[in-house]
Every structure is written in C-alpha cells, then in structure tokens.
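Working through the structure, step by step
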Amino acid sequence: MSLLRPLSLFAALVTLGGCGTESFDERPTLGQSEAALTGIDLSVSELGVTCEGQVLTVTGAIRNEAPTGIDPSIAGIYAGDPTQGGTLLATVNVPWLVGKERYPFQAVVEVPEGTQKLFVVADNFGFYPEDDELNNTASVTLAAGGGCVVNQAPVALCKDVTVSACAAQASINNGSYDVDLFPQALSFSQSPAGPYAMGTTPVTLTVSDGMDSNTCSATVTVVKPSAPVAGASKDLVLPFSAAAEYKQVTLADCAQPATDSCGGALDLQQSGSIVRIVSDETEDALSGLRLLACKDIKLSADRKSAQLRAESGLLGNGRVYTMVYEVKDAFGNATTGSCKVKVPSLQGILSVGLGPVYCQGTACPAGTGSGLLCSLL
C-alpha cells in the first residue's frame, strides 16, 4: 500500500505541457507574465548564525509561501553573494512542503577567511518558476576575520518617572531591547543609580549586550507621599469603678496603627499625639461611691496617654470618651484620627455617645469646660 500525495502545481503544468504540440522554444521564459501565474513561491526566513572560530552553524527555515504544495527542492549556503561569484559551502535538501509549511534547517559550514556575508538561497538551482524570486535569498553579516555575526547595538528607550518619596528607587527603562539578542542578555545601569532625593533628577540609562551599548536620558521626580490613613478604633471598654478610679489609656490601647502611603504601619506611641479627649458626660456627673469626682481626664505631658476615670453617671446609659489624635509619617505628613473608650453604666449598658460635654486638650468644642459643681470646688 502506498501513500498518495497531491501533485504540485508545477508538476501538473509540466505534465499538461507534454500533451500539446508546442516546441520547447515556444514556451514562455521566466521573465514573461505567464511565470507570475505558477502559484509557486519559496522563501528564506529566520536566518541565524552561531560560531566557533571559522566553523559556523547556520540555522533558518525554508518556507512555502504559496497555498499549494510543492515538490522537494534544494537550498544553497554561500560565502559571499552568489550573484557575484560567492562560494557554495553546503546545500540543504528541502522535502515536499504543503501550502504555507516551513522547513527548519541547520548546517555546519567552514567559512573561507575574509568572508563578510553568508547567503542562503531557496531553490538554489532555479528549478521552479516562482511568483516572487526576490524573497529566495537572505543574508547575515559576519565580523571581519572572526567569522562571527556582526553585533547589532541594543536600543535604549527611556521615560520620565514620578515616584513618591517612599519609593525613591525608580527605573526609567521604557522597553529597551536588543534586535539580534546577541551575544548575551541585556544589562541595565542608571547614572546616578539612586535612591533619588526629593525633587527632579536627570538620569542616564545605559543598556549593554556585552559587546555594544546604547544610552538614553530621562528624569526621576520624587514627590512627597500622601498623608497616612488613621487606624480604626479598638473600642476599648473600662470596667466601671465604684470608687471612680483612674485608668491609664495609651494611644495604642485606643486605636489600631495608622498606615502610611507606602503601606507601612505607624506606631502610634512613636508617631502619634493626643490632640484632645472629650466625654459625653459632664465633669461633675454624680457617680458611684464618691458621687462627685472632678478632673475626669488628665492628659500626659507627652500627649501619648491619658488618665481616664472609670466611671459613668448614675442616671446615664454609660460614658464614652472620644480621643482625637494626630499621627505623622516620616515626611511630616499628618492625619487626624479618633477612637473611643467606653465605661458601662451601673446596669452594664454601653453607650454609643451623646456628643461632647466635657473636654481636655487643644481646640475643645465650645461649652465643654468644667462642670458647675467642680468649678465651685
């Protein structure tokens, strides 16, 4: 049993031509218009060279550019342009190709001294009349004397970059590339290298493939980052104290850490300070065994903590202290946050807060001073 394959168009044309009465001299030459109707077209693509001294390995592909199949063909590898007396170094046997098929090849050749270019020619002996004879040949340039491919310098592409101060390391590379990927992977260096100071810095990018290099320039602009984001309240609850005892509450007890614009957590005990603390009960609210206890809020000198009375009014639904604080990042950006400290009522009720009545600290709301009874003491 044999496998039948379609007859190529050229072979069909030859077969049909043999049935007529025309003489050979009457057939059209390749330069005539009939040659453009053969539907045959071979090309060379993906040509590359690796080398070791004068011994080179040539790689590439022969393509059938036409939609119809084509019979086997022979490609040639030349030292120098074959149309100007180039030397044939090797041939490549290309098998039958279906429409649009590619045949990859690899051949080891020894290049004569002084060769400047290698050429690969599809259908080397011109057996097929093709629609396009111009794509039959491809070439690569070799280094003088060494036999290696001449390196193409990489292309450096730059762009201006703006970063916040927390990310002062920046790259101005904008897709630099190496055309021939030879002889090694690209390396990148910037001058100055960074980190970059606040403001605008001219920067030069150098890209190198190990043999050649190229440069481009752009600017890195470092701007101040945005203000941090305050953390949520921990809603601390102080157990009710019948004796109206003080409990020390720090900023870290009251609120979650703030987050700077770079995604880092800010320690409130280091970066924060209490602006004011307000209570939703008057300073002279009657409470517990002592009934009357004044100065319910005592701020520390460093504004990092406060002494808060663990009491609530006898007739109230629980006390809520609201701590207003400021937190700053390393660049001086500040934001304001707040958190709550609650004291339940005698009945164990936790209030949601009724608004400021008593306050200690800076920028207290109007009418939040000392209670009437405490002012008389």
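Throughout, residues of each chain are indexed from 1 in the direction in which the sequence is written. Local features are withheld for residues below a pLDDT of 70 in this predicted model, meaning they are given only at 70 or higher, and side-chain atom pairs are given and counted only at 80 or more; totals for whole chains, interfaces and linings count all residues. Side-chain figures throughout are based on the complete set of non-hydrogen atoms in the structure, without hydrogens or water.

Looking at an unreviewed UniProt entry, one finds the protein chain named HYR domain-containing protein, with Corallococcus terminator as its source organism.

A few points about the nonpolar core
Residues belong to one nonpolar core when they are buried, are Ala, Val, Leu, Ile, Met, Phe, Trp, Tyr or Cys, and are joined through side-chain atoms within 4.5 Å. In this scheme, a residue with accessible area under 20% of its type's maximum is buried, one over 50% is exposed, and one in between is partly exposed, where area comes from a 1.4 Å probe on protein chains only. Val58, Ile62, Ile77 and Leu118 are the most contacted members of the largest nonpolar core, which totals 26 residues. Counting residues per element, the ones that place at least two in this core are β1 (42–52), β2 (55–64), β3 (73–79), β4 (87–94), β5 (102–110), β6 (117–121) and β7 (137–141). Any two residues whose heavy atoms approach within 4.5 Å at even a single point are treated as in contact. Discounting residues that sit within four places of it in the chain, valine 58 has contacts with Leu47, Gly48, Val49, Ile77, Phe105, Gln106, Ala107, Val109, Leu118 and Val120. Counting 22 residues, the second-largest nonpolar core is a separate cluster that includes Leu238, Leu251, Cys254 and Met323. Every helix listed is a DSSP run of H or I at least four residues long, and every strand listed is a run of E at least two residues long, numbered separately from the N terminus.

Considerations on a nonpolar patch on the surface
A contiguous nonpolar patch, built from Leu286, Leu291, Leu314, Leu315, Leu346 and Leu373 and spanning about 590 Å² of accessible area, is present on the exposed surface. The residue leucine 373 is located in helix α4 (residues 372–376) in this model. For leucine 373, a relative accessible area of 39% puts it in the partly exposed group. Patches draw on residues past 30% relative accessible area with no salt bridge. Two like charges within 9 Å are joined, as are two nonpolar side chains (Val, Leu, Ile, Met, Phe, Trp, Tyr) within 5 Å. Values of accessible area rely on a 1.4 Å probe in the Shrake-Rupley scheme; residue burial ignores everything except the protein chains shown. For salt bridges, the criterion is a side-chain nitrogen of Lys or Arg within 4 Å of an Asp or Glu carboxyl oxygen.

Points about unusual backbone geometry
Omega for the bond connecting serine 191 with proline 192 falls within 30 degrees of zero, at -5°, which places this linkage in the cis form. Within the secondary structure, proline 192 is located in the loop between β9 (187–191) and β10 (199–208). In the segment running from glycine 194 into proline 195, the intervening peptide bond is cis, with an omega of 5°. With respect to the element layout, proline 195 can be found in the loop between β9 and β10. In this structure, glutamate 46 takes a positive phi of about 60° despite not being glycine. The topology assignment puts glutamate 46 in strand β1. By relative accessible area, which is 43% here, glutamate 46 ends up partly exposed. Although it is not a glycine, aspartate 235 adopts a positive phi angle of roughly 50°. Locating aspartate 235 in the fold gives a position in the loop between β11 (213–223) and β12 (236–237). Of the residues examined, aspartate 235 reaches a relative accessible area of 39% and is grouped as partly exposed.

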